[in-house]
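# Geometric and topological summary
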Amino acid sequence: MGGESRKSLLRWAFLVAVATTVFLAPGTAAHGEAGVLAWQAPTPEPGTVLKAPAGGKFSVQLSAASSVPTASVHIRRAAKLPAGARLVSSDGNRASATLSWTPRGRQIGSYTLRFAAVDNTTAKASVPLALTVRVGVGVVQLSGVRNVSKWGFVMRKTVVRAAPRRSSRAKVRLSLWTPEYYPNLALALQQRVQRNGTWVQIRLPILPNNSTGWVKRGALGTFRTTRDHLYVYRSSTRAVLTRNGVPIFQTRVGVGKSFWPTPPGEFYITEMMTGFHNAAYGPIAFGTNARSAVLTDWPGGGFIGIHGTNAPGLIPGHISHGCVRMRNAAISHLSRLMKIGTPLTVR
């Protein structure tokens, strides 16, 4: 054998060795008549345990290739997939596939998903892959993250539970209407997708203030989103409305007297009312879910409002029975900026 022939054979052996090394990493491989077939990144390593939240979107990227450039590789499922899961494959060299799945609450548990990569040109080389997916309770924070809050109208009369299960203690019954006969709504704090269904934690219009509870997701309508937040500072008698964390409105206010205090805490705007026959409320009033812990015999149970006034000279100060008063020009301006469902913090 001549020198050139020996060099050619050595070059060929080197190229095969390099190709084999490249295509074997990082997963398992199979040898067929035409070459080496192997899983490629970003395919998870065999036996990898993946976590998926119930109610959340879950996906896995798979890839496989052959050491023979002209090969056509196909990725398929090697066992039945869970209900709702879907595998979409794209043949080639390298081949790719995406598993997409949104597990439901009743699917919480552990699943072994099996796949295979096949060389279409030989139909003999096949590489198995097994992955474990553990589906757990899906928890989504709905309000208080990145200046976003979500709320929904109450769609049916419903019992609010102390915990996300029907056997839990009842805290209050939500009505379709506020005490002033406006459509009722609730600020949503978080959502849990679990075996017994989807539950939403909401703020409640009851004493003690800052109470929360759980309702089934179907009790609320489509979630609406707001990036606004109203802050009332009692000591400095100021109100500030922010949007995406940036102040867009501020004014001096009147708040409750020491013996009729404006309650501190986290609340939300429930309604916007106009057309009063009593000038003491000014042109506009916003209802809230905050309640006076002192004047509980008020009509409707002592809900705290934010409204105008017929005595602007008293503002700013600690002047009210607990409501937040603004000069009429200020409350009118605020009404053009702030919508119902806006979170309210009283400090």
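Keep in mind that this is a model prediction, so the values were computed, not measured.

### Examining the nonpolar core
- Ranked by size, the top nonpolar core spans 28 residues in total, and within it W39, L62, L99 and F115 carry the most contacts.
- When contributions to this core are tallied by element, the ones reaching two or more residues are β2 (36–39), β3 (49–53), β4 (58–66), β5 (73–77), β7 (95–101), β8 (109–119) and β9 (126–136).
- Apart from residues lying up to four places away in sequence, F115 is in contact with W39, L62, R76, R77, A78, L81, L87, L99, V127, P128, L129 and L131.
- Core analysis: the next-biggest nonpolar cluster, separate from the first, contains 23 residues, V253, I269, I331 and V346 among them.

### Section: the confidence of the model for the protein
- Per-residue pLDDT for the protein has a mean of 90; in total, 88% of the residues score no lower than 70.
- Long-range and interchain partners of residues 1–26, a stretch whose pLDDT sits below 50, account for 22 contacts in this model, where long-range means more than four residues apart.

### A few points about the side chain of S149
- By secondary structure assignment, the location of S149 is in strand β11 (residues 149–153).
- The buried category is assigned to S149, whose relative accessible area is 8%.
- Aside from chain neighbours lying at most four places away, what touches S149 is L142, S143, G144, L187, R224, T225, T226 and P343.

### Looking at unusual backbone geometry
- A cis geometry characterises the amide bond from A41 onward to P42, with omega recorded as 15°.
- Residue position: P42 is located in the loop between β2 and β3.
- The linkage connecting I315 with the following residue, P316, adopts the cis geometry, with an omega of 5°.
- Note on placement: P316 falls in the loop between β24 (303–307) and β25 (317–320).
- For N147, which is not a glycine, the phi torsion comes out positive at approximately 65°.
- Residue classification places N147 among the partly exposed positions, given a relative accessible area of 41%.

### What about the side chain of Q107?
- Among the structural elements, Q107 can be located in the loop between β7 and β8.
- For Q107, the side chain forms a polar contact with the main-chain nitrogen of R104, separated by 2.9 Å.
- Discounting chain neighbours no more than four positions away, the residues touching Q107 are P82, A83, W101, T102 and V135.

### Things to note about the sheet that holds β9
- An order of β3-β9-β8-β5 is seen for the four strands of this open sheet, with the pairing classed as mixed. Bordering the open sheet on either side are β3 and β5, each of which pairs with just one other strand. Mean inter-strand twist for the sheet, computed between neighbouring axes without regard to direction, equals 30°.
- Across five bridges, β5 lies against β8 in antiparallel orientation. Within the sheet, the bridge partner assigned to I75 lies in β8 and is A117.

About the thresholds
Per chain, residues are indexed from 1 in the order of the written sequence. The predicted origin of the model limits local features to residues at a pLDDT of at least 70 and limits the giving and counting of side-chain atom pairs to 80 or more, whereas totals for whole chains, interfaces and linings rest on all residues. Just so you know, side-chain values use all the structure's heavy atoms and leave hydrogens and water out. In plain words, nonpolar cores are sets of buried Ala, Val, Leu, Ile, Met, Phe, Trp, Tyr and Cys residues tied together by side-chain atoms within 4.5 Å. Summary of the burial criterion: residues with accessible area below 20% of their type's maximum are buried, those above 50% are exposed, and those between are partly exposed, where the area comes from a 1.4 Å probe applied to protein chains only. Helix and strand assignments follow DSSP, with helices taken as H or I runs no shorter than four residues and strands as E runs no shorter than two, numbered in order from the N terminus. In this analysis, two residues are considered to be in contact whenever any of their non-hydrogen atoms come within 4.5 Å of each other. On a range of 0 to 100, pLDDT expresses the predictor's confidence in each residue. The definition of a polar contact used here is a pair of N or O atoms within 3.5 Å, where within protein one atom must be able to donate a hydrogen and the other to accept one, and adjacent residues in sequence count solely through side-chain atom pairs. Pairing between strands requires that DSSP locate at least two bridges from one strand to the other. Every axis in this analysis is a line fitted to C-alpha atoms, fitted for helices over the stretch in contact. Angles between the N-to-C directions lie between 0 and 180 degrees.

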